[in-house]
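# Tertiary structure, described
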Amino acid sequence: MFARPYIALLFFFGMAAVQAAGLLNPTDRSLADLRFGLLSREASGEIAFAAIDKQSLDAIGTWPWPREIHARLIDRLVEAGASEIVLDIDFSTPSVPEQDRYLAASIANAEGRVVLPAFLQKTSASGAGSEPRLTTPLEMFTRDAWLGTVNVYPDPDSIVRRFPRGQMADGEFVQSIPAMIAGSPIEKQTAIAVDFGLDLSSIPVVSVADILRTDSVAAAMEGKTVIIGAYAAELRDTYAVPRHGFIPGAVLQIIAAETELAGRDLVFVKDFAVTLFTFGMLALIFLANRRRDIFLTGLSLATLVAGAELLAGFLYVKFAVVVPTAIIHLSAIVAFSVAALAASEFFRSMLAELSIESRNTKMLLKEVFRENFDAIVVLDESGNILQSSKASSEIFGIDRSVTAANLTDASLLPDQIVRECREALAARKKDRNLPASVRQAEIRAPDGSRRWVEYSIGVIQPKRARSLKKGGGDADAPLVACITARDITKRRNLESRLRWVSMNDELTRSQRRHAFIASVDKFLERERTLPAGFTVVAVNLHRFKTVNVSLGRPAGDAVLKQVAERIAAFSASADSVARLGGDTFAVLITSTPTAETASAACQKLIEHLRQPYPVTRGECHIGIQAGAFFGGPGTLGALNAEQLLGNAEAALDEARTNGGSRVVFFDSELAEARTRSRVIERDLWSAIETSQITLAYQMIVTPEDRRAMGAEALVRWEHPELGKVGPDEFIPIAEANGLIDSLGRWVLRQACRDAAGWHHDLGVSVNLAPQQLQNGDILSEVTSALAASGLAPERLTLEIVESEWLEMSGTLLDSIRALKGLGVTFALDDFGTGYAGIGYLSKLPFDKIKIDRQFTMGIDEAPEARGVVQAVKSLADAFGMTVVCEGVENESHEAFIRSIGCQEAQGYFYQRPLPKEQFEAAALKAMSPTAERATRKSA
């Protein structure tokens, strides 16, 4: 082939044109993606990923979280010594003002270690004619934080391979987050060519929930840059990338930053250099094989391709250099095809008859177009179709057998594409090129269906054969338009489906929480004066869990669908119904001008939902509990939809507390209680460190002689604003937000330290919350507290409260038995008021039973209470356990429990709970029975 110079030139320029037109770009990208698998590079370990994963969502709650959670997370990481904290979370819209202030304060306390995301977006919904603007977090957050951009731009195959180093916005350059944390120099309008050869398993990944509740996990972040971002599938923050498939946005930022830190920003060899190299190698192969041995030619070409790929793989692994080898593959295929045809007598005879223009069309364009996955159509200036690929028949209905007849394009291509082709050809005629862009259009497919296509139009001016031969110009050569299109109907449908799923619950087809809040906000914008009033209602299906347990999950799902349908039928708009959680819904009821009409509407809704639900095996009855917020003229103030829904949920919590099917409206009392709960929850995290939480001790005595046996450790909180906050108020909050583990651990350690200094080996009793037993390693926590304090195990009693949440697993039972083996005593607290007392006695080898104070205090008035206490004493005797009576208030109580043989007692009759120092003094007086103590009552 290369023996004829004009054929060699034709081949070279043809390959160069294919390369320049970008037709091989998809293949080059695919080959480069495959080479990422050759390398499994370790991460630097300087960047960690704090994942908002399913574990975090289960532990903290449904997304979006209150911004106080993010504030706590920043505080934990600052305390742990993280060098930089990146939050890949959108804070561009205001939340609850108090929550925003918490987050702003935590960012300020971080002293410049926090980086927040910013992103470019169009200023109008359509994007037409609009300039992009930089969307940033609220100004109160950015005052003490750095901004980093997070925009990425996928390649035409929807895969992300580059990460911009920053964005220009309002005349200023804002660095991207990966470039910022990698310490890259500020380079405008450049991008990091990301090396995806990184081993993702080498990136330090921790759960946000573990950082918040486990000190050791938080401490592991010392000196690291921590990127906090979405990981859970339901948060849908993923990107398609080479090798790793779909990964979270935060992980993409880490890979880009690791690329910069390792100095492996990919370097791309110029296409033209590879084309020259390929041409030179092909020339050597054909000149060396003068006998035209087709087998030797094929072997040489195969060796060239294999050697090129080996060299490309080596350059990538060693130097992060990317070589576009697709031109080598194509050139080898075309060269072998030409050599094979040239070896036949038929081709030799045809070669003399065909013109150079015919060979240019028949051999080059046909080879390129034939098997392309995209539809490729070439039009001349008259509108005739010169060439078309196989895929064009599926997309446009172009029969390749009729294109030879040069039919006009009007009946074969969509009008929009034809018009744009003519515009592009006319612009090129005037020496003006229209900017190349990828466009989308909806067309009618050959089968009559509607499809979406993505296409681009390019204009080229092929060289005439005689121009090559004579060296003349091509000014009079005709122009052709090349249309490249692909069917994106499935992608568009998938995107539409994903948008719908992100806004709606798939099971009930009602809105999700954030979509409902947006709908209510829109309603408030339309009806700002609220002439008719409205009501936001949060509805819970009381004891719905029993439906799933007794009838099965399919029946439960059927009931949930019917509930959503009934609420939608009740509401004026389907856009105002949402499923907030498993069995919780929300609805906006309009046209409730007064509180009375709002109450009547809510009662009507409850009655509507309480009607029986038909299921496969009969009917299902469920209770309905509702919380509501009535909004009328002058009642809203600065509240937004999220706050209104929060108020309704607070009222729902009150309704659920009281039980039964009922509706509770949010009022000033609930608002005050909710504000108090927020203050308690906010300050509870720091109450231990600021010594606001202390321990008091109530003496445990023998009823026979009132001799001190020990004391129960009781937690107390003196709040600087609220005053005394009882444990019955803050313990449930600690259990709900996950602080109970840390609080319980502190109480255990402090009680052991205090008791270790008491005289005469007095014992100490410490309450354990069910969550402590279920979530933590109770064996190591107790042994650690004993070792740190020096307290003998025989002096420690651990009190366990009956609870339906406490599952006695084999591991937990083994830990309790191991502690008993050390000498630790176990007591079943508040016996008779909990979940399954006798069942607990049979499962666990308790040493003591503590009778709840409500039974002891009822001894004087209720014979039933006396019977309960006597029955428990008999039961304890049967199990060989000691009985401790709580709530002894007078001599009558003492006389009764002494008469039935109760071994230990505690209550105000003996001593009120006292601080450590006062208790020690009181205990010294009560170490042995005296006549004075026999007649004394505690103050």
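Residues numbered from 1 in each chain as written. Predicted model: local features only at pLDDT ≥ 70, side-chain atom pairs only at ≥ 80, totals over all residues. Heavy atoms only, no water.

## Things to note about the overall build of the chain
Looking only at helices and strands, one finds 36 helices and 37 strands in the chain. Classification of the 939 residues of the chain by burial places 49% in the buried group. Restricting the contact set of the chain to residue pairs at least 6 apart, pairs at least 24 apart contribute 69%. Total accessible area on the chain is roughly 44,500 Å²; 54% of this is exposed by carbon and sulfur atoms. (Helix = DSSP H or I, 4+ residues; strand = E, 2+ residues; numbered from the N terminus. Buried < 20%, exposed > 50% of the residue type's maximum accessible area, 1.4 Å probe, protein only. Contact = heavy atoms within 4.5 Å. Areas by Shrake-Rupley, 256 points an atom, 1.4 Å probe, with all protein chains shown as cover.)

## Topic: the packing of aromatic side chains
What the rule picks out here adds up to 13 aromatic pairs. Seen from their ring centres, F36 and F196 are 5.6 Å apart, and the 75° between their planes marks the pair as edge-to-face. Of the two residues, F36 is situated in the loop between helix 2 (25-35) and strand 1 (47-52) and F196 in the loop between strand 9 (191-193) and strand 10 (205-207); the sequence distance between them amounts to 160 residues. Overall, the relative accessible area of 0% leaves F196 in the buried class. A cation over an aromatic ring shows up here: R566 above the ring of Y613, its NZ or CZ 3.7 Å from the ring centre. (Phe/Tyr/Trp six-rings, centres within 6.5 Å; stacked < 30°, edge-to-face > 60°. Lys NZ or Arg CZ within 6 Å of the ring centre and 35° of its normal.)

## Description of the environment of F919
Looking at the element boundaries, F919 is found in helix 35 (residues 916-925). Sequence separation of F919 and Y697 is 222 residues, and the distance between their C-alpha atoms is 6.5 Å. Setting aside residues no more than four positions away along its own chain, F919 makes contact with Y697, M699, G710, A711, W758, L762, Q911 and L914.

## Some points on the sheet that holds strand 16 (residues 375-380)
Where strands meet in a sheet, backbone hydrogen bonds hold them as pairs that are either parallel or antiparallel. Strand order in this open sheet of five strands is 17-16-20-19-18, and the pairing throughout is antiparallel. The sheet is open, and its two edges are formed by strand 17 (385-388) and strand 18 (439-444), each paired on a single side. On average, adjacent strands in this sheet sit at an angle of 30° to one another, irrespective of strand direction. Sheet analysis places strand 16 next to strand 20 (residues 480-487), joined by six bridges and oriented antiparallel. For V378, the partnering residue across the bridge sits in strand 20 and is C482. (Pairing = 2+ DSSP bridges. Axes fitted to C-alpha atoms, helices over the stretch in contact; angles between N-to-C directions.)

## What about the pairing of strand 1?
Counting buried residues along strand 1, six of its six residues qualify, which places the element largely inside the surrounding structure. By the alternation rule, side chains of strand 1 split into I47, F49 and A51 and A48, A50 and I52, which are all buried. Direction of pairing for strand 1 relative to strand 11 (residues 225-230): parallel, over a ladder of six bridges. By the bridge assignment, I47 is partnered in strand 11 with T225.

## Points about unusual backbone geometry
Put simply, W63 and P64 share a cis peptide bond, and its omega is 0°. Along the chain, P64 turns up in the loop between helix 3 (54-60) and helix 4 (67-80). In the Ramachandran plot, R243 falls in the positive-phi region, its phi being about 65° despite a non-glycine side chain. In this fold, R243 is placed in the loop between strand 12 (238-241) and strand 13 (245-248).

## Here we look at the pattern of salt bridges
One pass over the structure, following the stated rule, counts 43 salt bridges. With a closest N to O distance of 2.8 Å, R67 and D100 form a salt bridge. One end of the pair, R67, is in helix 4; the other, D100, is in helix 5 (residues 97-109), and 33 residues separate them in sequence. Under the relative-accessibility criterion, D100 is labelled buried at 3%. The closest approach of N and O atoms between D265 and R165, which form a salt bridge, is 2.5 Å. Of the two residues, D265 sits in the loop between helix 10 (249-261) and strand 14 (267-268) while R165 sits in the loop between strand 6 (162-164) and strand 7 (166-169), which places them 100 residues apart along the sequence. By relative accessible area, which is 22% here, D265 ends up partly exposed. Sharing partners across several salt bridges, the network here consists of D33, D155, D157 and R161. (Salt bridge = Lys/Arg side-chain N within 4 Å of Asp/Glu carboxyl O.)

## Quick word on the confidence of the model for the chain
The predicted coordinates of low-pLDDT regions are not to be read in fine detail. Across the chain, the average pLDDT comes to 84, with 86% of residues at or above 70. For the chain, per-element mean pLDDT is lowest for helix 36 (residues 931-935), which scores 41, and highest for strand 2 (residues 84-87), which scores 95. Here residues 465-473 scores under 50 on pLDDT; set against residues more than four positions off or in separate chains, the count is nine contacts. The model gives residues 930-939 a pLDDT under 50, and that stretch makes 17 contacts with residues more than four places away or in other chains. (pLDDT = per-residue confidence, 0-100.)

## Overview of the sheet that holds strand 26 (residues 623-631)
The strand order across the open sheet built from five strands is 22-23-21-26-27, with neighbouring strands paired in mixed fashion. Across the chains shown, the open sheet's two edge strands, defined by having one partner strand only, are strand 22 (577-579) and strand 27 (662-665). Averaged over all pairs of adjacent strands, the angle between their axes in this sheet comes to 20°, without regard to strand direction. Here strand 26 pairs with strand 27 via four bridges, running parallel.

## Details of the nonpolar core
One recurring pattern in soluble globular proteins is that nonpolar side chains are buried together. Core analysis: the largest hydrophobic core is formed by 76 residues, its most contacted members being I693, Y697, V764, L796, L798, I897 and F919. When near neighbours in sequence (up to four residues on either side) are disregarded, L796 contacts L748, C752, V764, V766, V782, L786, L791, V824 and T825. (Core = buried A, V, L, I, M, F, W, Y, C linked by side-chain atoms within 4.5 Å.)

## Details of the state of the cysteines
Under the defined criterion, the tally for this structure stands at zero disulfides. C902 supplies the cysteine sulfur nearest to C885, a cysteine that is in no disulfide, at a spacing of 3.4 Å. A relative accessible area of 0% places C885 in the buried class. (Disulfide = S-S within 2.5 Å.)

## Section: a negative patch on the surface
Where like charges cluster on the molecular surface, the negative patch consists of D653, E654, D667, E669 and E672. Only helix 24 (641-658) and helix 25 (668-687) provide two or more residues apiece to the negative patch. Looking at the element boundaries, E669 is found in helix 25. (Patch = residues over 30% accessible without salt bridge, like charges linked within 9 Å, V, L, I, M, F, W, Y side chains within 5 Å. Lys, Arg positive; Asp, Glu negative; His and termini not counted. Charge placed at Lys NZ, Arg CZ, Asp CG, Glu CD.)

## What about helix 20 (residues 513-526)?
Between its first and last C-alpha, helix 20 extends 20 Å over 14 residues, near the 20 Å set by a 1.5 Å rise per residue. Those residues of helix 20 that sit buried are R513, A515, F516, I517, S519, V520, F523 and L524. (Expected span 1.5 Å × (residues − 1).)

## Concerning the packing of helix 25 against helix 26 (residues 727-737)
Helices that pack against each other are described as a pair by the angle of their axes relative to one another and the distance between those axes. Look at helix 25 against helix 26: their axes get within 10 Å of each other, and the N-to-C directions meet at 65°. By the angle class used here, helix 25 and helix 26 are roughly perpendicular. Considering the relative orientation of helix 25 and helix 26, their crossing is right-handed. Here R676, S677, I680, E681, L684 and W685 of helix 25 lie close against helix 26, whose contacting residues are E729, F730, I733, A734 and N737. (Parallel < 35°, antiparallel > 145°, perpendicular 65-115°, else oblique. Left-handed = near helix turned anticlockwise from the far one by under 90°.)

## Considerations on the pairing of strand 21 (residues 534-542)
Across the nine residues of strand 21, eight count as buried, placing the element largely inside the fold. Inspection of the sheet shows strand 21 paired to strand 23 (residues 584-590) by seven bridges, in the antiparallel sense. Bridge pairing in strand 23 places F534 opposite T590.

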